[in-house]
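Chain by chain, the residues run as shown.
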Amino acid sequence: MIPTRRLLKVLAYVGAWAVLSVAIAAAIFVNSERTVEIASHEATLSPNFSGEVVARMGPVLPDLRIPSGTWVGVEVELGKTDVATLEELTSRYAAIASQPEGQIAVAERAVVAMALAALVQGAVLGAVPLLVWAAVGRARRHELYAGLRTRGGIAVAGLVIVLVVVAAVPYGWGRTDPPAEHWQSLHDFLGPEVPLPAEAADVEVMADATTAQSRRLIESGISSYQKSVEFYSQAADNAAALELRQPEEGETVVLLVSDRHDNVGMDKVARAIADVGGATAVYDAGDDTSTGSRWEAFSLDSLAAAFEDFDGRWAVAGNHDSGGFVRSHLEDLGWTYFDDEVIDGPGDSRILGIDDPRSSGLGDWREQTGLSFGEVAELLADAACAADEDGDRVDTLLVHDANIAKPALARGCVDLVLGGHVHVQTGPTPVTAEDGRVGYTYTLGTTGGAAYAIAIGSKLRRPASIGLVTYRDGRPVGIQSVTLQPNGRYEVDPWAELTY
């Protein structure tokens, strides 16, 4: 057994290390920063122990504050964004606020990462004094202590203190304390004539930088927020009453979305439809954004948050997802993209996919980069047919534009092609290949209800489409389409069986 005295000494060392580590980690944590994409801004996050989330909105809009619900707080300083007008920015804030789960997840991941990094650094730095203490040894410590009581020891200690003071005091020269902040509730800021949603009851506004214009902008944002929450929440609730085909034993259902174009409001609706239809995996046929820019990370974060617990998440990049950011960001969030190889898909199926070779902006123009669309289509067909000849048939070919898969279908090398791009639902349509084999092509409409490449707003601009693909024995055997109209009504197509 360990002697009591030695055990107490070990516990004392451990306790001292724990106290030092926590103290150092706390100091490092509150001085940490992370730059992330939040609310379509390049934002700087700084954690603290205030228990409040403070959003520094910039020189025009007033700062906002809300309880975090825990003893950890964070200050979010919003930086640059690409928005052209304040009205557009306020509308974007309202749409994001109506589906905040993705942005909350981004902030939480950043704060957790800073906390873990601070704990690791604190644990290491907290051990340094104890290691030095142990390395010096008892005898040498007694010698040093005895030396401190001499005239020379006192002089050396005094010199050290003076040097520390001289080094530390100038650090604060020229600094001034921040001005006192005056906060008032959002209700008092806007006045009783503006009804507030229950979610905004605890929101406070910095009262100093208040102008009539900023008040009108916030009123407009709240109005857009309320309309967005009401429309999409009601649509999600109404989805529970949809009469959708239920998967039978041995079947797997996959939700298909495409052309979301930043409409995060539809994510909760798509998830509700997935739950009603028994879907456990999701396909994304691309065009999640309008330009593929970093400021659109909020759209990707929302999509990932809506389906984070699904068994499988496969995606391809659309022509509006150009530049590589969309694919990289979703891959970091656990989504599977394709690299010219047939891979395992849902329900023991095999799946192949390809990103769209084109790049588009906010207009209706297109340009081709690298290989042409037709060249990519032939290469895709070659890959699918080579896999088929090797006994690894492609059950599903996931693309953005189904036209790129026409050669593969014509050669009889795939069972089902899934795409989007044109914002109009067509199919499933059987295609008989040259050798008599049958495959199907299915194009989903725009899940975001987009007009051109813009879908973000308080309600749908066009009908929003969602598909449910059923697999049995490793092959797709049926598709059901669900459409949400701009007036909030659902249209459910009969389940279309796929036979081969």
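Computed from a predicted model, the values in this text were never measured in an experiment. (Residues numbered from 1 in each chain as written. Predicted model: local features only at pLDDT ≥ 70, side-chain atom pairs only at ≥ 80, totals over all residues. Heavy atoms only, no water.)

J.: Help me understand the pairing of strand S17 (residues 426-432) in this model?
T.: Successive side chains on a regular strand alternate, one facing one side of the sheet and the next facing the other. Of the strand pairs in this sheet, S17 and strand S18 (residues 438-443) are connected by 5 bridges, and their pairing is antiparallel. Counted as the bridge partner of Thr429 is Thr441 from S18. In textbook terms, the turn of a hairpin is the stretch between consecutive antiparallel strands, and for S17 and S18 this stretch comprises 5 residues, one of which, Gly436, has a positive phi near 95°. (Pairing = 2+ DSSP bridges. Helix = DSSP H or I, 4+ residues; strand = E, 2+ residues; numbered from the N terminus.)

J.: How should unusual backbone geometry be read in this particular structure?
T.: Among all residues save glycine, negative phi is the norm, and among peptide bonds the norm is trans. The omega torsion of the bond from Gly427 to Pro428 falls at 10°, within 30 degrees of zero and hence cis. Tracing the backbone through its elements, the reader meets Pro428 in strand S17. A positive phi is found at Asp259, a non-glycine position, where the angle reads about 55°. Turning to its location among the elements, Asp259 is positioned in the loop between strand S8 (251-257) and helix H7 (265-277). Its identity as a non-glycine residue notwithstanding, His261 has a phi of 50°, on the positive side. Among the secondary structure elements, His261 is positioned in the loop between S8 and H7.

J.: Where do I start with the nonpolar core in this structure?
T.: The nonpolar side chains of a soluble globular protein tend to be buried with one another. With 41 residues, the main nonpolar core has Leu255, Val269, Ile273, Phe307, Trp335, Leu484 and Tyr490 as its most contacted residues. Sorting the residues of this core by element identifies helix H6 (212-239), S8, H7, strand S9 (279-284), helix H8 (297-306), helix H9 (325-332), strand S19 (464-472) and strand S20 (475-484) as the ones contributing at least two each. Setting aside residues up to four positions removed in sequence, Phe307 forms contacts with Leu255, Asp267, Ala270, Arg271, Ala274, Val282, Arg313 and Trp335. Within the second largest apolar cluster, 22 residues are counted, among which are Phe373, Ala377, Ala381 and Ile404. (Core = buried A, V, L, I, M, F, W, Y, C linked by side-chain atoms within 4.5 Å. Buried < 20%, exposed > 50% of the residue type's maximum accessible area, 1.4 Å probe, protein only. Contact = heavy atoms within 4.5 Å.)

J.: Teacher, can you tell me more about the side chain of Arg260 here?
T.: Turning to its location among the elements, Arg260 is positioned in the loop between S8 and H7. Separated by 2.9 Å, the side chains of Arg260 and Asp267 make a polar contact. Separated by 3.1 Å, the side chain of Arg260 and the backbone oxygen of Ser299 make a polar contact. (Polar contact = N/O pair within 3.5 Å; in protein donor to acceptor, adjacent residues only side chain to side chain.)

J.: So what exactly am I meant to see when it comes to the sheet that holds strand S16 (residues 414-419) here?
T.: By way of backbone hydrogen bonds, the strands of a sheet pair with one another, either parallel or antiparallel. Ordered by their spatial adjacency, 6 strands build an open sheet running S11-S12-S15-S16-S18-S17, and the pairing between neighbours is mixed. On the outer flanks of this sheet lie strand S11 (343-344) and S17, each paired with one strand and no other.

J.: What is the right way to look at the packing of aromatic side chains in this model?
T.: Where two aromatic rings form a pair, the distance of their centres and the angle of their planes describe that pair. Evaluation of the coordinates by the stated rule reveals 8 aromatic pairs. Measuring from ring centre to ring centre gives 6.3 Å for Trp295 and Phe298, while their planes differ by 25°; the resulting arrangement is stacked. We note that Trp295, like Phe298, is buried. Connected via pairs of aromatic rings, a cluster forms that spans Phe29, Phe49 and Trp71. When the ring centre of Trp495 is taken as origin, the NZ or CZ atom of Arg245, which lies over that ring, is 3.9 Å away. Over the ring of Tyr500 we find Arg475; its NZ or CZ atom is 4.1 Å from the centre of that ring. (Phe/Tyr/Trp six-rings, centres within 6.5 Å; stacked < 30°, edge-to-face > 60°. Lys NZ or Arg CZ within 6 Å of the ring centre and 35° of its normal.)

J.: How do you make sense of the pattern of salt bridges when you look at a structure like this?
T.: Pairing is possible between side chains of opposite charge, provided their charged atoms come close. All told, the structure shown has 21 salt bridges when counted by the stated rule. For Asp392, the salt bridge is made with Arg350, and the minimal N-O distance between the two is 2.7 Å. Taken as a pair, Asp392 in the loop between helix H10 (373-389) and strand S15 (394-398) and Arg350 in strand S12 (residues 350-353) lie far apart in primary sequence, 42 residues in all. For Arg393, the salt bridge goes to Asp415, with nearest N and O atoms at 2.9 Å. One end of the pair, Arg393, is in the loop between H10 and S15; the other, Asp415, is in strand S16, and 22 residues separate them in sequence. On the basis of relative accessible area, Arg393 is assigned to the buried category, the value being 17%. Put simply, Asp388, Arg393, Asp415, Asp435, Arg437 and Arg475 are held in one network by salt bridges that share partners. (Salt bridge = Lys/Arg side-chain N within 4 Å of Asp/Glu carboxyl O.)

J.: Quick question: what am I supposed to make of the sheet that holds strand S2 (residues 41-48) here?
T.: Read across the sheet, 7 strands follow the order S1-S2-S5-S3-S4-S7-S6 without closing on themselves; strand pairing throughout is mixed. Strands with a single pairing partner mark the edges of an open sheet, and in this sheet they are strand S1 (34-38) and strand S6 (183-185). Taking the axes of each pair of neighbouring strands and ignoring which way they run, one obtains an average angle of 30° across the sheet. (Axes fitted to C-alpha atoms, helices over the stretch in contact; angles between N-to-C directions.)

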